[in-house]
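Letter by letter, the chains look like this.
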Amino acid sequence: MRQIQADVVVIGGGATGVGALRDAAMRGYSAVLLERADLGQGTTGRFHGLLHSGGRYVVSDPESATECARENTIVTRIHADAVEATGGYFVTTPADDPAFADRFLTGATATKVPASEIPVHEALRHVPRLNPGASRVIEVHDGTVDGWQLVWGAAASAREYGASVLTYCRVTGIVVRDGAVTAVMAHDEKHDEDVRVDCSFVINAAGPWAADIAGMAGCHDVEVVPGRGIMIAMAHRLTDRVLNRCTYPEDGDILVPVHTVSIIGTTDVRASNPDRLDIPRDEVQQMLDAGEVLIPGLRQARALHAWAGARPLVRDTRVTDTDTRHMSREMSILDHAERDGLRGLLTIAGGKLTTYRLMAEQVVNRMCAQLGETRACRTADEAVPGSTAGVNYAVSNRLHDREADRLDDQIICECELVTKSMLVDVLNEQSDSNPSDPAIPSLASSATPRHVGPSLDDVRRQLRLGMGPCQGGFCSLRAAGIACEQNAADAAGATAMLRRFLGNRWIGLWPILYGDQARQAALDGWITDGLLDISHLPADEEVVL
Ligand SMILES: Cc1cc2nc3c(=O)[nH]c(=O)nc-3n(C[C@H](O)[C@H](O)[C@H](O)COP(=O)(O)OP(=O)(O)OC[C@H]3O[C@@H](n4cnc5c(N)ncnc54)[C@H](O)[C@@H]3O)c2cc1C
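Read on for an overview of the structure. The model shown is predicted, which means the values in this text are computed figures rather than measured ones.

## As for the overall build of the protein chain
The number of helices and strands found in the protein chain is 16 helices and 24 strands. Once the C-alpha set of the protein chain is aligned to its principal axes, its extents read approximately 65 × 65 × 45 Å. Residue burial in the protein chain is summarised as follows: out of 545 residues, 59% are buried. For the protein chain, restricting intrachain contacts to residue pairs at least 6 apart in sequence, the fraction spanning at least 24 positions comes to 73%. When the accessible surface of the protein chain is totalled, it reaches about 21700 Å², and 51% of it is carbon and sulfur. If you average the places of the 52 positive and of the 73 negative side-chain charges in the protein chain, the two averages end up 2 Å apart.

Structural data, given as structure tokens:
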């Protein structure tokens, strides 16, 4: 068993956990993060991609609106490489009440959310596909944010302050002595080794799984309800601005341009298990219909991929009084010293990715208070590594880079302009960690993954490989071949890697199989099954496609 010593252990490598790690490290605590899979593999990697301006909440939730407006500015500054400052519109479509725009503008002024009404013809000039029947348009500072890039940036910053990030380390227990937390037990699934981290404090940021973690410390009855939402990536940037319906928040009322695609979403349905999130076809149809209201003809675009994420909504039966029917969407911090008489454990859940830094600040403030210490938060003052002041991400960056090296560096993913050297660099980074790919096993059960080896899904998160129109149909074959050529895997390992990747892609493909994407899936099937007979090639593990 490996033993580590730290002041604080953070459980969960989503935005909230990585934010808390960075904050604690910047305040001088020795901090360790334990994540059961890859960073951003939970809700943070399965969200809508919107960096809220606050506009969505100016009428329904004024406090959140002000928080979002403030954090939008900070996140745009400190994570410039993860944010595209697209701007956004709140649009009164023919289906919406024009009077809501007046309430919106009043709310925006009251909550200090920058917003101004612009002529419809000006909006149509910037977004020609916008519903021409729109009667009012309000411009706001919405942006788009890459959740993975954001967590990697925050993790890199935390490491610079001495923190450790242990991915593929599943927490299995919390050791309690004399009414206080003393250690966290985990299993390192890369190296098949148990890990014990002795510590005096634990921040539980396990998102929709937070109740399981609290239960490990004997704190039961914490109810985190997974609020499932589905989203669909449509091919192309149908809009260069975030488009919101100017109405009270409802399903399918936002279209977000993210990298090379546009994402329509989302729904909100209680799920029973965050590891098993359905993508029902009726919700797919509901989203496509909703998208038509913002952009008539949206259905004619190709739906590339669908996925679901789970909002971690806290329903604490002991702390809240009577109204358990309405669950708060807000951030919740459970202080288990007050609630359960257990010192050294805080649970944080809820909130939004946009406000992740603020959530981290508030939970670390609570930790300092419990420890009787005063240490100031500095996370808003310093940009994360890789973020250049004043230079936000732009979708054309890769094209610009490829113009420079297109003759001597082979492009292996045309949809996302990934080159061979980019892939080789990521495979080299993976090779010492040898991560397993938990996506398929976690859907089946919480059992230990069956395979240890390189993962094209980890590559996907880093490079967007397989996220364009072919959904991996061409690039994954090349990538598996290159992995083999680079000795990252032998032939059987590369075949297993390819099968796992295609199997995971399929989860988000089958609910949207119509039109061009159905034709693409048929072509991909002919290549993988008809030409390569991939299901029967020797592989070093069984993966059912
Ligand atoms: C459909 C949907 C759309 C959304 N859209 C937006 C949006 O556009 N803008 C926005 O600002 N917010 C959005 N949100 C909210 C936002 O995505 C979440 O608030 C945020 O990502 C939550 O991050 P988290 O770190 O708390 O949880 P997670 O990202 O889920 O992180 C929890 C982590 O804990 C890990 N974990 C679980 N069990 C263990 C264990 N035993 N050991 C170790 N690790 C463990 C998990 O693997 C996971 O990585 C959306 C949410 C949903 C569901």
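## Focus on the site of the ligand
Around the ligand, the surrounding shell holds 35 residues, and the nearest of these are T16, E35, T44, L50 and T354. One of the backbone nitrogen or oxygen atoms of T43 is found 2.9 Å away from an oxygen atom of the ligand. Within the contact set of the ligand, a nitrogen atom lies 3.2 Å away from a backbone nitrogen or oxygen of H48. Notes on the ligand: free accessible area 1000 Å², of which the protein chains cover 96%. Elements supplying a minimum of two residues to the shell around the ligand: α1 (15-26), β11 (169-177), β15 (222-235) and β20 (303-316). In terms of residue class, the shell around the ligand is made up of 14 nonpolar, 16 polar and 5 charged.

## Looking at the packing of aromatic side chains
For the coordinates displayed, the defined rule picks out 1 aromatic pair. Between the aromatic rings of F90 and F104, the centroid separation amounts to 4.6 Å while the plane-to-plane angle is 40°, which identifies the pairing as tilted. Of this pair, F90 sits in strand β6 (residues 88-92) while F104 sits in helix α3 (residues 100-111); the two residues are 14 residues apart in sequence, bridging distant segments of the chain. One Lys or Arg, R36, reaches over the ring of W209 and ends 4.4 Å from the middle of that ring.

## Focus on the sheet that holds strand β22 (residues 345-349)
The 6 strands lie next to each other as β10-β3-β2-β14-β22-β21, forming an open sheet whose pairing is mixed. Only two strands of the sheet have a single neighbouring strand rather than two, namely β10 (164-166) and β21 (332-335). Recorded for the sheet is a direction-independent mean angle of 15° between the axes of neighbouring strands. Across 4 bridges, the pairing between β21 and β22 is antiparallel. Bridging across to β22, I333 finds its partner in I348. Against the sheet, α1 engages β2 (8-11), β3 (31-34), β10, β14 (201-204) and β22, with an angle of about 170° to β3.

Basis of the calculations
- Every residue gets a number counted from 1 within its own chain, in the order that chain's sequence is written.
- Totals for whole chains, interfaces and linings use all residues, but because this is a predicted model, local features are given only for residues with pLDDT of at least 70 and pairs of side-chain atoms are given and counted only at 80 or more.
- Processing note: side-chain calculations cover all non-hydrogen atoms of the structure and skip hydrogens and water entirely.
- Starting at the N terminus, helices and strands are each numbered in turn, a helix being any DSSP run of H or I of at least four residues and a strand any DSSP run of E of at least two.
- Only protein chains enter the area calculation, which uses a 1.4 Å probe; residues under 20% of their type maximum are buried, those over 50% are exposed, and those in between are partly exposed.
- The criterion used for residue contact is that any of the two residues' heavy atoms lie within 4.5 Å.
- Working definition of accessibility: Shrake-Rupley area with a 1.4 Å probe, residue cover restricted to the visible protein chains.
- Charge counting treats Lys and Arg as positive and Asp and Glu as negative, with His and both chain ends excluded.
- Throughout, a charge is located at the NZ atom of Lys, the CZ atom of Arg, the CG atom of Asp or the CD atom of Glu.
- Only heavy atoms are used to decide nearness, and a residue is near a molecule or strand if one of them lies within 4 Å of it.
- In the analysis that follows, any N or O atom pair within 3.5 Å is treated as a polar contact, provided that within protein one partner can donate a hydrogen and the other can accept it, and provided that, for residues neighboring in sequence, both atoms belong to side chains.
- Under the scheme applied, nonpolar residues are Ala, Val, Leu, Ile, Met, Phe, Trp, Tyr, Cys and Pro; charged residues are Asp, Glu, Lys and Arg; polar residues are all the others, including Gly.
- What counts as a ring pair is set by centres within 6.5 Å for rings of Phe, Tyr and Trp (its six-membered ring), and what kind of pair is set by the plane angle: stacked under 30 degrees, edge-to-face over 60, tilted for all other angles.
- Placement of a charge over a ring requires the Lys NZ or Arg CZ to be within 6 Å of the ring centre, with the centre-to-atom vector within 35 degrees of the ring normal.
- By this definition, two strands are paired if DSSP reports at least two bridges between them.
- Only the stretch in contact is used when a helix axis is fitted, and all axes are lines through C-alpha atoms; the angle between N-to-C directions ranges over 0 to 180 degrees.

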